[in-house]
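Observations on the model geometry
Residues per chain, in single letters:
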Amino acid sequence: MVAVNDRARVPFALLGVFLLVTSATFSAALGPKSLGEPASDRAIEAAESAVGQALRTAVRDAAREAAASPVVTPAATPGGNVLNESTPFRDLLRVRLYHALRDRLGTVDATAGAVTVEAHLPPTPNASALRGAKRRVSVARAGPNGTALRAAVENVTLVVARNGRVVDRLSISPAVVVDSPALFLHDRTERFDRSLEAGPTTGLGRQVTARLYAMAWARGAAQYGGAPIANVLANRHVALATNAGLLDRQRAAFGTADPAGRRALGVATARTGVRDLLLGRGTPPEVVEAIERGVDGLGAPQPVSPIGAAATDERLRVGVNAAADAAFRDIDLNATARTVYAARVRLVADARLVREAAATPTRLPGWTLVSSRNSSERHVFSRPASPDAPAGWHALDAWGRRVVHERTTVRKWRRGDETRVTRDTTERVSRVTLTLAGRHAETGLVPDRSIRGIHERGGPLDGPNLADIEPRAKARLVEPAGVDALATRAATGTLDSDPVRIAGEQPPGLSRWLYADLRSLRERVRNVSVRVEKGAVGTYETNPPARLAAELESRRASLLGLPDAYDGVADKTRYAVRAAYLDRVVERLETRADRRTGVRDRLDGRLGAYGLSVDSLAATLEAARGATVPSKREYAGLGGPLALTVDGAPPYLTRTALTREQVAARGVERQHYLATRNVNLVTSPHGDVADTLVGSVLGAKTARLGTAAATLRAARLSGEPDAPKLRAAVSGSVSESRDRYRRHLRAVGVADSRERRAAIVRTGLARWDTLPARAAAIANGSAGDRIAAVAAHAEGLSARQRDRVRLALGTVGAPGVPQAVVNGTNTRLRTAARVALAEAVKRGAGRLANRTRRRVAGPLSAVPAGLPVAPVPGLWYATTNLWVVQSTGEYARFTVRTDRGVAYTRDGSPHRFDWDGDGTRELLGYATRVSFSVETAVVVVVPPGPRGVGDTDGNADERSSGWNSKALRG
């Protein structure tokens, strides 16, 4: 029995005004009414107070029990079906609270004199009754930060009896606020759980991506710089980033992270650093393992987060560079000069009929016309002329003529023995003006502006300009027929007035002068560059060739430098050549831009196989840049600060399988709690993926000579038995290159015999004494530069000739090598390396393993990897590579504890509860484990160079041992 004077007594110093107001609130609408008797009123008030206290206790107990084994996934049972799939934990709490209160109402027995009051809730013998009971109960978060729990139960029945006889039945709806954080913990854990399943740009995916970028960019840069790194991004890095990201999400959700997890992360970071540092240097595995064990004993603290350390926003300067040379080779100076040193010339006639006298035909009545004969005579007389050229044309000369055309008809008549002849004459007189009109040839390259002294000698080369156009035009259009004949044609409308092209005389030295001027412009164009973010290059957010083309267009006016008037025809020719050259450079860059767009589209398709896209790749990079480490925080509660503790089992998720004893949690005998996979998209620039993405420059089945040379070098160093096949293929490509060099020397007029040209090529290539080195020099262009220098010295070439030779040899594309031969050798090398190392480690010989690694694994690091950006000779300005990363796992047990005595645990266990009172606990649902799945991508960009960036250990698709585990994946 509950004493009346204890009703609603509250410790104010502990709970404050808020609890005073809300701790025992009853619905005014449903509250009991006074029976008009003091004893009855006292008994009812005592019962109300007792129900409130019972509800408070029931809330604490139900919340503690529900949090200990929360239902996250309802079971397909009668009781489980009562729980709403969207709010199973809240519904579980409502059901447990109902029954906890119902059990405690059995002890409520308030008495005042002869009056006794008891409280009741109906039982739930079936699912329908259970659903009705659930609907009576409402729960919600309350208090500061929602750390408390507000609960209300509708229609608790009070039975009033006097002397054992029931005199009334009343309904009350008690509501309380209890300092229980069960709902707070559930909501925070749900928030944590959702953040683990978010995409690569939010939640766990964002944190993992940011850390992977930091590690991959640092290791990629080190590999490019020559560090012996064969695996830029390994699964050990993925595991490290995943665990660090999990701790980040714990801090974001709970304001704190698992202390054991933090310590384990520090140790794992140190171990990973040791492995990264020592294995690449050839340290024996047993030594590495011993050092790792020493690190374990140190209990290293959690490291400083590397988020934000990736240099993805560093600027990369991309220049026109060799594209300027390529466009220079395309320009035909003589053809452009012929276009400008020419004019279109035509005869323009103005023929007007001034008089026409037509005779009336003679008719002789009675006479018979025997015959009729026509004759015609033309007479041409000179007259003054006024030149008359059409708009846009100018008169070179003009002639005036009067053309008289007489047409006589002679008829012979007969009458009997008499004959008679008559003559009828018609005269037409025309006045004709012939104008020889000229128009400068339209190049379409530069605007038609005035040319000073165009028809007289002068200009920068003191040349004839177009002074000889007039005599040449007369010689072609006028002199063959003569002015009189042309005037006659004009009078009769048969004059050909179509324009013809008349070439002018070019001054001596024009070609050399134009070459020197264009060479100067070429150097200026070579130095035009734009700055782009490395990350944006790798994610295809930017198109550097298109940026360069736009930059050249914006600078066109200053690069062209057009004057208001041309100083002679040679001057106009110079600007026309400049314009043609700039057009060609832009055209080449735009072609490269189109190719890059094609690569982007093909990469998008490739990423689609992993559920990613180029757009999501860019979004991932941007999200990683903005990722931060959540800070620690505290939550205020009704009774003061709410202390939270996170406890994960295991605290650090490893890729090795653990037993349930090791994780101290329920589960299968042995299970993987973390599985990782990372796929390096382009392990070799001559592989199928690279060819698919870039589109083969040399042919679908052809690898680049530089890649073949690096593979041959690695094969020689490691003693690959089948290397002769590759050596023969590389040797054939080198021989073909020799022939090409000789042909290009002949094309530019260097050396007067085949033997002399062969000697120049032989001397130039003698600098490289091994076949791989010689092939690499041919591939990267240094061989062409060396041969050009030898030719210049041997033949005493002028500066212009040296430049021409250098450019000519720069066009010698290195012939490819059959891709199958390169791939076959490469695969055998990597397989042999893995087998040899595994055998050495198995035999426990650290020194042997070290020697083996240096012999077979070391050379492989020289084999290039990655995708050349703009992979065209002379336009390789960066190398990029991409890793598709997947990480999936779960906690065997995940618990969040508070100092309020509530622990929320998700361990996959079933929640059973006897809700129908039959003595058997029925299944309601499961405390589903906290799990996660991350899929993201990481792009790394390095400058151009022979090494590139990427995994060169032969394992492009790296999977942890538990990746296919049904327990984890199913």
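Here the residue index of a chain counts from 1 through its sequence in written order. This being a predicted model, a pLDDT of at least 70 is required before a residue's local features are given, and a value of 80 or more before pairs of side-chain atoms are given or counted; all residues contribute to the totals for chains, interfaces and linings. In computing side-chain values, all of the structure's heavy atoms are included and hydrogens and water are not.

Across the junction of A649 and P650, the peptide omega takes the value -5 degrees, indicating a cis bond. Counting from the N terminus, the helices are DSSP H or I runs at least four residues long and the strands are E runs at least two residues long. Along the chain, P650 falls in the loop between strand 19 (644–649) and strand 20 (658–659). In this structure, N321 takes a positive phi of about 50 degrees despite not being glycine. You can see N321 is positioned in the loop between strand 10 (315–319) and helix 10 (322–330). The phi torsion at N465 lies on the positive side, around 55 degrees, for a residue other than glycine. Among the secondary structure elements, N465 is positioned in the loop between strand 14 (418–440) and helix 12 (469–478).

When a protein is soluble and globular, its nonpolar side chains tend to lie buried together. Only buried residues count toward a nonpolar core, which is a set of Ala, Val, Leu, Ile, Met, Phe, Trp, Tyr and Cys residues joined through side-chain atoms within 4.5 Å. When accessible area is computed with a 1.4 Å probe and restricted to protein chains, residues below 20% of their type maximum are described as buried, those above 50% as exposed, and intermediate ones as partly exposed. If you look at the biggest cluster of nonpolar residues, it comprises 195 residues, and the most contacted ones within it are V320, V525 and Y581. Contact between two residues is taken to exist if any of their heavy atoms lie within 4.5 Å; hydrogens are not considered. When sequence neighbours within four positions are dropped, the list of residues in contact with Y581 reads A324, A327, F328, I331, L518, L521, R522 and V525. Grouped together as the second largest cluster of nonpolar side chains are 34 residues, A703, A791, V805 and A814 included.

Now for the environment of K474. You can see K474 is positioned in helix 12. According to the relative accessible area criterion, K474 is buried, its value standing at 19%. The spatial distance from the C-alpha of K474 to the C-alpha of D397 is 9.0 Å, given a sequence separation of 77 residues. Looking at K474, its side chain comes within polar contact range of the side chain of D397, at 2.6 Å. Residues adjacent in sequence count toward polar contacts only when both atoms are side-chain atoms; beyond that, a polar contact is any pair of N or O atoms within 3.5 Å, and within protein one must be able to donate a hydrogen and the other to accept it.

This brings us to the sheet that holds strand 2 (residues 73–74). DSSP calls a pair of strands paired once it identifies at least 2 bridges connecting them. Ordered by their spatial adjacency, 3 strands build an open sheet running 2-30-29, and the pairing between neighbours is antiparallel. On the outer flanks of this sheet lie strand 2 and strand 29 (910–913), each paired with one strand and no other. Bridge count for strand 2 against strand 30 (residues 922–926) is 2 bridges, and the pairing is antiparallel. Counterpart to T73 in the pairing with strand 30 is Y926. For helices, the fitted axis covers only the stretch in contact; all axes are lines through C-alpha atoms, and the angles between them, taken along N-to-C directions, range from 0 to 180 degrees. Helix 3 (residues 88–105) rests against strand 2, strand 29 and strand 30 of the sheet, and its axis sits at about 25 degrees to strand 29.

Time to look at the pattern of salt bridges. Salt bridge criterion: a side-chain nitrogen from Lys or Arg within 4 Å of a carboxyl oxygen from Asp or Glu. Summed over all chains, the structure comprises 50 salt bridges. Among the ionic pairs, R251 bridges to D248, the shortest N-O distance being 2.8 Å. On the criterion of helical spacing, the pair formed by R251 and D248 is a turn pair, its members being 3 residues apart in helix 7 (residues 235–254). For D248, a relative accessible area of 0% corresponds to the buried category. Within this structure, D325, R522, E523, R526, D803 and R806 form a network of salt bridges that share partners.

The next thing to look at is helix 23 (residues 723–747). Residue pairs spaced three or four apart in an α-helix point in one direction, given the helix's 3.6 residues per turn. In this model, helix 23 (25 residues) spans 36 Å end to end at C-alpha, consistent with the 36 Å of a helix rising 1.5 Å per residue. Among the residues of helix 23, A723, L726, A729, V730, S733, V734, S737, Y741, R742 and L745 are the ones counted as buried. Backbone geometry just downstream of helix 23 places G749 in the positive-phi region, at approximately 75 degrees. In this analysis, the expected span of each helix is defined as 1.5 Å times one less than the number of residues it contains.

Quick look at the packing of helix 16 (residues 544–554) against helix 18 (residues 568–608) now. Relative to each other, helix 16 and helix 18 sit at 155 degrees, their axes nearing to 7 Å. Taken together, the axes of helix 16 and helix 18 are roughly antiparallel relative to one another. The interaxial crossing formed by helix 16 with helix 18 has left-handed handedness. Across the interface between the two elements, P544, P545, A546, L548, A549, L552 and E553 from helix 16 touch V585, V586, L589, E590, R592, A593 and R596 from helix 18. Polarity classes work like this: nonpolar for Ala, Val, Leu, Ile, Met, Phe, Trp, Tyr, Cys and Pro, charged for Asp, Glu, Lys and Arg, and polar for all others, with Gly in that last group. Here the contact of helix 16 with helix 18 is built from residues that sort into 10 nonpolar, no polar and 4 charged. Just so you know how the angles are binned, under 35 degrees is roughly parallel, over 145 roughly antiparallel, 65 to 115 roughly perpendicular, and the rest oblique. Handedness of a crossing follows from how the near helix is turned relative to the far one, being left-handed for an anticlockwise turn of less than a right angle and right-handed for a clockwise one.

For the rest of this paragraph, the subject is the packing of aromatic side chains. Ring pairs are drawn from Phe, Tyr and Trp, using the six-membered ring of Trp, whenever the two centres fall within 6.5 Å, and their geometry is named by plane angle: stacked under 30 degrees, edge-to-face over 60, tilted for the rest. Scanning all chains against the criterion turns up 9 aromatic pairs. Summarising the aromatic geometry, the rings of F328 and Y581 are spaced 6.2 Å apart at their centres and angled 75 degrees between planes, so their arrangement reads as edge-to-face. Of the two residues, F328 sits in helix 10 while Y581 sits in helix 18, which places them 253 residues apart along the sequence. Taking the centre distance of 6.2 Å and the plane angle of 40 degrees together, the rings of Y566 and Y575 count as tilted. According to the relative accessible area criterion, Y566 is buried, its value standing at 0%. Judged by its relative accessible area of 8%, Y575 is buried. An aromatic cluster is built from F192, F254, Y891 and F894, whose rings are joined through pairwise contacts. Lying across the ring of F328, R522 places its NZ or CZ 4.6 Å from the centre. In this structure, R596 is placed above the aromatic ring of Y540, and the distance from its NZ or CZ to the ring centre is 4.0 Å. Note on geometry: a ring has a charge over it if NZ (lysine) or CZ (arginine) is within 6 Å of the ring centre and within 35 degrees of the ring normal.

Attention now goes to the confidence of the model for the protein chain. The quantity known as pLDDT measures the predictor's confidence residue by residue, on a range of 0 to 100. Summary statistics for the protein chain give a mean pLDDT of 84 and a share of 84% for residues scoring 70 or more. Taken element by element, the protein chain is modelled with least confidence in helix 1 (residues 12–22), mean pLDDT 36, and with most confidence in strand 30, mean pLDDT 97. The low-confidence segment residues 1–33 (pLDDT under 50) makes 55 contacts with residues lying over four places distant or belonging to another chain. In this model residues 695–700 is a low-confidence stretch, pLDDT under 50, and it forms 12 contacts with partners more than four residues away in sequence or in other chains.

Pairing within the open sheet is antiparallel, and its 3 strands lie in the order 19-27-28. For this open sheet the edge positions go to strand 19 and strand 28 (903–906), each flanked by a neighbour on one side alone. The sheet shows a mean angle of 10 degrees between the axes of neighbouring strands, taken without regard to direction. Two elements, strand 19 and strand 27 (residues 893–898), share 6 bridges in a ladder whose sense is antiparallel. Along strand 27, the bridge assignment pairs L644 with T898.

In this section: the pairing of strand 26 (residues 878–890). Burial of strand 26 is extensive: 13 of the 13 residues sit out of reach of the surface. Side chains of strand 26 alternate between two faces, with A878, T880, L882, V884, Q886, T888 and E890 and T879, N881, W883, V885, S887 and G889 buried alike. Pairing between strand 22 (residues 674–680) and strand 26: 7 bridges, direction antiparallel. Among the inter-strand pairings, L674 is bridged to a residue of strand 26, identified as G889. Relative to strand 26, strand 25 (residues 867–869) runs antiparallel, the two being bridged by 3 bridges. Directly across from P868, in strand 26, lies its bridge partner T879. By the bridge criterion, 12 bridges tie strand 26 to strand 31 (residues 931–942) in an arrangement that is antiparallel. When the bridges of strand 31 are listed, S887 appears paired with V934.

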